[in-house]
Amino acid sequence: MTAHLMNTYARMPVKMVRGQGAWLYDDAGNAYLDALTGIGVCSLGHCHPAISAAIADQAGTLLHAANVARIPLQEELADRLAALSGMDQAFFCNSGAESLECAFKLARLHGHRMGINAPQVVSLSQSFHGRTLACISATDSAKVQAGFEPLVPGFLKAPFDDAAALVRLAEERDDIAAVLFEPIQGEGGVMVPHDGYLAEVRRICDQFGWLMIADEVQTGVGKTGDWFACQHEGILPDVITLAKALGNGVPIGACLARRKAAELFVPGKHGSTYGGNPLACRVGLTVLEVMEGEGIIERTRELGKRIRASLREALADHDHVREVRGRGLMIGVELTEDCPQLVGWAMEQGMIMNVTRGNTIRLLPPLIIDDSEADRIVDTVSRAVQSLRLPAAV
Ligand code: PLP
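Right, let's walk through the structure included here. (Residues numbered from 1 in each chain as written. Predicted model: local features only at pLDDT ≥ 70, side-chain atom pairs only at ≥ 80, totals over all residues. Heavy atoms only, no water.)

1. Describing the pattern of salt bridges
Spelled out, the test is: Basic side-chain nitrogens of Lys or Arg form a salt bridge, by our definition, when they fall within 4 Å of a carboxyl oxygen of Asp or Glu. In this description a helix means any DSSP run of H or I spanning at least four residues, a strand means any run of E spanning at least two, and both kinds are numbered starting from the N terminus. Per-residue accessibility, obtained with a 1.4 Å probe over protein chains only, is compared with the maximum for each type, and a residue is labelled buried under 20%, exposed over 50%, and partly exposed between these values.
Applying the stated criterion across every chain, the model contains 17 salt bridges. We note a salt bridge from glutamate 292 to arginine 80, for which the minimum N-O separation is 2.9 Å. Here the residue glutamate 292 occupies a position in helix H9 (residues 278-293), and arginine 80 occupies one in helix H3 (residues 72-85), the gap between them amounting to 212 residues. Judged by its relative accessible area of 43%, glutamate 292 is partly exposed. On the basis of relative accessible area, arginine 80 is assigned to the partly exposed category, the value being 25%. Here arginine 325 and glutamate 323 are joined by a salt bridge, their closest N and O atoms 2.7 Å apart. Classification of arginine 325 as buried rests on a relative accessible area of 7%.

Okay, structure coming up:
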């Protein structure tokens, strides 16, 4: 390990040097089935030929131009995202956290427009929204926040998947401008709210004039078997944040907004030097094109059902499996005990996955996996769980 990298990650000693499709390769030539995709990024797999060709072509055409002039690829990507999401406008940036920062600024402008002096954004228990100061303030994790106090003011917490708690907050306070939620919580343990929850949040936001902000940084762009996870319930939020899979490995973030939320910015209110540059937007457009052209959304839905069903079957007799859940290819296997050691175990078996919330195996495989790769994921996870020598559950 070099001493010249800041000490922010507890890394495995493996050196990844190459990727192809669903596979990563280390410097010794060992292959690993990538069931995590750089934490939900490389949905089209590594080095997808259409993405690599688009990058090479754009590198020889135009990489960057300042936002002082029109950027046709940026306008085209905004049009495509608006058509797919039902939103009206896009702001482009470079990461998930930045897309959230944009959403927070929209929430505050909206709050001030409502006549609120210190507008509050309600975020939910077990949420994760990124690592900037405002993002960790919205995130519900003492571990993520510890040491960075004072946190950014203007964030309140409410329990996840509990619409009645939001109504109670609305009755207690008159300074709320927005509700922020992940339609399926990723870092929080692949938590899927009950059917109807998003519709209830939509109704509450409409009733009290709050912006409904969906953080789809992890769930967005096909991963759950629909373009956006809110679409499973036919819900249109006011703001959607995106990043990760939109660039398949090239940094890009986007904050999409609709109706009144799309009317808040005027020139000078927000910006980003790199945001929406031709390279990132060309890649974003290519990602959407490949997903549509190859029927990837439908396949994701099918594969997700198949993998979850196979996991349930393979793990049916295992006392320590509490639940297999998820949507599309965002899958969680919750155990009754913490199991962080399974990450290293799986890597030794040639597969990359992770564990969130201490006890939940999280799978975010590429959406382009074939049936044998899907079977291999099920087999490795089953063996990983079987490998645990836990005391019998009571
Ligand atoms: N929001 C959610 C739901 C995320 O899962 C993440 C990252 O994991 C972020 C925001 C932050 O994104 P980034 O790491 O690109 O800043």
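Having put the structure on the table, let's press on.
2. Considering the packing of aromatic side chains
Defined as follows: Working definition: a ring pair exists when centres of Phe, Tyr or Trp rings (six-membered ring for Trp) sit within 6.5 Å. Plane angles under 30 degrees give stacked, over 60 give edge-to-face, the rest tilted. Any Lys NZ or Arg CZ that is within 6 Å of a ring centre and within 35 degrees of that ring's normal is treated as a charge sitting over the ring.
The final tally for this structure, using the stated rule, is 3 aromatic pairs. Ring plane angle 55° and centroid distance 6.4 Å describe the contact between phenylalanine 160 and tyrosine 197, whose orientation is recorded as tilted. Placement of the pair is phenylalanine 160 in the loop between strand E6 (155-158) and helix H7 (163-172) and tyrosine 197 in helix H8 (residues 197-208), with a sequence separation of 37 residues. Overall, the relative accessible area of 1% leaves tyrosine 197 in the buried class. One Lys or Arg, arginine 18, reaches over the ring of tyrosine 25 and ends 4.2 Å from the middle of that ring.

3. Some details on the packing of H3 against H9
Heads up, the condition is: Every angle, taken between N-to-C directions, lies between 0 and 180 degrees, and every axis is a line fitted to C-alpha atoms, over only the stretch in contact when it is a helix. Each crossing gets its hand from how the near helix is turned against the far one by less than a right angle, where anticlockwise is left-handed and clockwise is right-handed. Working rule for contacts: check all heavy atoms of both residues, and any pair within 4.5 Å makes them a contact. The nonpolar class holds Ala, Val, Leu, Ile, Met, Phe, Trp, Tyr, Cys and Pro. Asp, Glu, Lys and Arg form the charged class, and all remaining residues, Gly among them, are polar.
As a packed pair, H3 and H9 sit with axes 8 Å apart at the nearest point and diverge in direction by 35°. Crossing geometry of H3 relative to H9 is assigned as left-handed. Facing H3, whose interface residues are Leu73, Gln74, Glu76, Leu77, Arg80, Leu81 and Leu84, H9 presents Pro278, Cys281, Arg282, Gly284, Leu285, Leu288 and Glu292. Here the contact of H3 with H9 is built from residues that sort into 8 nonpolar, 2 polar and 4 charged.

4. What to know about the sheet that holds strand E8 (residues 211-215)
Either a parallel or an antiparallel arrangement is found when strands of a sheet pair, and the pairing is made through backbone hydrogen bonds. Let me state the cut-off plainly: By this definition, two strands are paired if DSSP reports at least two bridges between them.
Read across the sheet, 7 strands follow the order E4-E10-E9-E8-E7-E5-E6 without closing on themselves; strand pairing throughout is mixed. Two strands lie at the open edges of the sheet, namely strand E4 (89-93) and E6, each paired on one side alone. Neighbour-to-neighbour, the strand axes of this sheet turn through a mean angle of 20°, independent of strand direction. As judged from the 4 bridges shared by strand E7 (residues 176-181) and E8, these two strands associate in the parallel manner. Pairing of phenylalanine 181 across the sheet is with alanine 214, part of E8. In this fold H7 packs onto strand E5 (120-124), E6 and E7, with an angle of close to 135° to the strand it touches most, E6. Sheet strands touched by H8: E5, E7 and E8. Its angle to E8, the strand with the most contacts, is close to 145°.

5. Some thoughts on the site of the ligand
Test applied: Here a residue is considered near a molecule or strand provided that any single heavy atom belonging to it is located within 4 Å of it. Polar contacts, as used here, are pairs of N or O atoms within 3.5 Å; protein pairs need one atom able to donate a hydrogen and one able to accept it. Residues neighboring in sequence count only if both atoms are side-chain atoms. All accessible-area figures derive from a Shrake-Rupley calculation using a 1.4 Å probe, and residue coverage is judged against the displayed protein chains alone.
The full set of residues close to the ligand is Ser95, Gly96, Ala97, Phe128, His129, Gly130, Glu182, Glu187, Asp215, Val217, Gln218 and Lys244. With respect to the ligand, the backbone of alanine 97 contributes an N or O atom lying 2.8 Å from an oxygen atom. Relative to its free-state accessible area of 390 Å², the ligand is covered by the protein chains to the extent of 81%. Taken together, the residues of the shell around the ligand break down into 3 nonpolar, 5 polar and 4 charged.

6. What about the sheet that holds strand E3 (residues 31-34)?
On the basis of which strands lie adjacent, the open sheet formed by 4 strands has the order E1-E2-E3-E13 and mixed pairing. Looking at the sheet topology across the chains shown, the edges are occupied by strand E1 (16-20) and strand E13 (351-352). The pairing of E1 with strand E2 (residues 23-26) spans 4 bridges and is antiparallel. By the bridge assignment, glycine 19 is partnered in E2 with leucine 24.

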